[in-house]
Amino acid sequence: MTVTLEVSDSVGTIRLDRPPMNALDVAVQDRLRELAEEATRREDVRAVILYGGEKVFAAGADIKEMQEMDHTAMVLRSKALQDSFTAVARIPKPVVAAVTGYALGGGCELALCADYRIAAENAKLGQPEILLGLIPGAGGTQRLARLIGPSRAKDLIFTGRMVKAEEALTLGLVDRVVPAAEVYEQAYAWAARLAKGPALALRAAKESVDAGLETDIDTGLTVERNWFAGLFATEDRERGMRSFVEEGPGKATFR
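Residues numbered from 1 in each chain as written. Predicted model: local features only at pLDDT ≥ 70, side-chain atom pairs only at ≥ 80, totals over all residues. Heavy atoms only, no water.

**Q** Even after reading the chapter, I still don't get the pairing of strand 2 (residues 11-16), so can you show me in this structure?
**A** Within strand 2, five of the six residues are buried, leaving the element largely enclosed by the surrounding structure. By the bridge criterion, six bridges tie strand 1 (residues 3-8) to strand 2 in an arrangement that is antiparallel. Opposite Thr 4, over in strand 2, you have Arg 15 as the bridge partner. Connecting strand 1 to the antiparallel partner strand 2 that follows it, the hairpin turn spans two residues, and Asp 9 within it adopts a positive phi of roughly 50 degrees. As defined by bridge partners, strand 2 adjoins strand 3 (residues 47-51) across five bridges and the pair is classed as parallel. From the neighbouring strand, Thr 13 faces strand 3, where its bridge partner is Ile 49. (Buried < 20%, exposed > 50% of the residue type's maximum accessible area, 1.4 Å probe, protein only. Helix = DSSP H or I, 4+ residues; strand = E, 2+ residues; numbered from the N terminus. Pairing = 2+ DSSP bridges.)

Following this line, the structure appears as structure tokens:
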């Protein structure tokens, strides 16, 4: 398979495996959606890693495949393309992208679907679609601007330039830069820590932040308030507060 989901100790790794550059053709896009939906459903998956292997995250769309598409074909395909990435972005669990090598075009857009991004020192990221006479079509114009701000996003999208890991860190495009050999290990540690946390509270936190970014503050506060109150009905809230009172902070074991 070109994309797989492997689960270990409640951490699910969605792994791209389409050598040499993990080009995101239609089959990969559809498989990403299927596995994102599976990771969402599975109770034994409590955090997710997006990973392309030791050499490359994903170098973008399959240009040869896209070259064969005319306007009608892309009108029919573009919604499915966006839906695949949206399925990843809406996994209601913590998601970290472990970025090695190139994360360009669709590869960068896939990394943007994660909640947190750990990049190798040799990573290069960018949205080079403009060099093809196109714009990002899998969420890049929207998620990139929300993440790093509109002017910085426009600079990357207008020029199509690649940025190295350190500049990506400065821009806020990635959250941590580590030696290439440590990328997956550190991503796993991040995911494994959160996999032990209160699953419903983590979902509430993620959905509250994401929903708030897409609406006005009053609506966002309503989403937050409803989740906050709703969590008082959960066993994890009872366990967390009891542990805090009896043992001190940070010692609760959640189910």
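**Q** Explanation requested: the layout of surface pockets in the structure shown.
**A** When its volume is computed, the largest pocket comes out at roughly 1,000 Å³. As for the largest pocket, its lining consists of 34 residues, and the residues nearest its centre are Ala 89, Arg 143, Asp 210, Leu 213 and Glu 214. Taken together, the elements giving at least two residues each to the lining of the largest pocket come down to helix 3 (71-89), helix 5 (140-148) and helix 9 (199-213). Per-class residue counts for the lining of the largest pocket are 17 nonpolar, seven polar and 10 charged. (1 Å grid on protein atoms, 1.4 Å probe; cavity = no way out; pocket = protein on both sides within 12 Å on 5 of 7 lines; lining within 4 Å. Points joined across faces, edges and corners; volume = space filled by probe spheres on them. Nonpolar A, V, L, I, M, F, W, Y, C, P; charged D, E, K, R; others polar.)

**Q** Where do I start with unusual backbone geometry in this structure?
**A** Note: most peptide bonds trans; most residues except glycine with negative phi. The amide bond that connects Pro 19 to the next residue, Pro 20, takes the cis arrangement and shows omega of 0 degrees. As for its placement among the helices and strands, Pro 20 is situated in the loop between strand 2 and helix 1 (26-41). Located in the positive-phi region is Ser 10, a residue other than glycine, with phi close to 75 degrees. You can see Ser 10 is positioned in the loop between strand 1 and strand 2. What makes Ser 10 partly exposed here is its relative accessible area of 24%. The phi torsion at Asn 22 lies on the positive side, around 55 degrees, for a residue other than glycine.

**Q** Help me out: how do you make sense of the nonpolar core in this one?
**A** Counting 47 residues, the largest nonpolar core has Leu 50, Phe 57, Val 99, Leu 125 and Leu 173 as its most contacted members. Tyr 51, Val 96, Ala 120 and Trp 190 belong to the second largest nonpolar core, which has 15 residues in total. (Core = buried A, V, L, I, M, F, W, Y, C linked by side-chain atoms within 4.5 Å.)

**Q** Help me out: how do you make sense of the environment of Met 66 in this one?
**A** If you trace the backbone, Met 66 turns up in helix 2 (residues 63-67). What Met 66 contacts, discounting residues up to four positions off in sequence, is Ala 61, Met 74 and Leu 134. (Contact = heavy atoms within 4.5 Å.)

**Q** What is the right way to read helix 8 (residues 183-195) from this model?
**A** Think of an α-helix as turning once every 3.6 residues; residues three or four places apart then point the same way. For helix 8, which comprises 13 residues, the first-to-last C-alpha distance of 18 Å matches the rise-based estimate of 18 Å (1.5 Å per residue) to within 8%. Where helix 8 is buried, its residues meet strand 2, strand 3, strand 4 (95-99), strand 6 (116-120) and strand 9 (176-178). (Expected span 1.5 Å × (residues − 1).)

Function-wise, these values are silent; they only describe arrangement.
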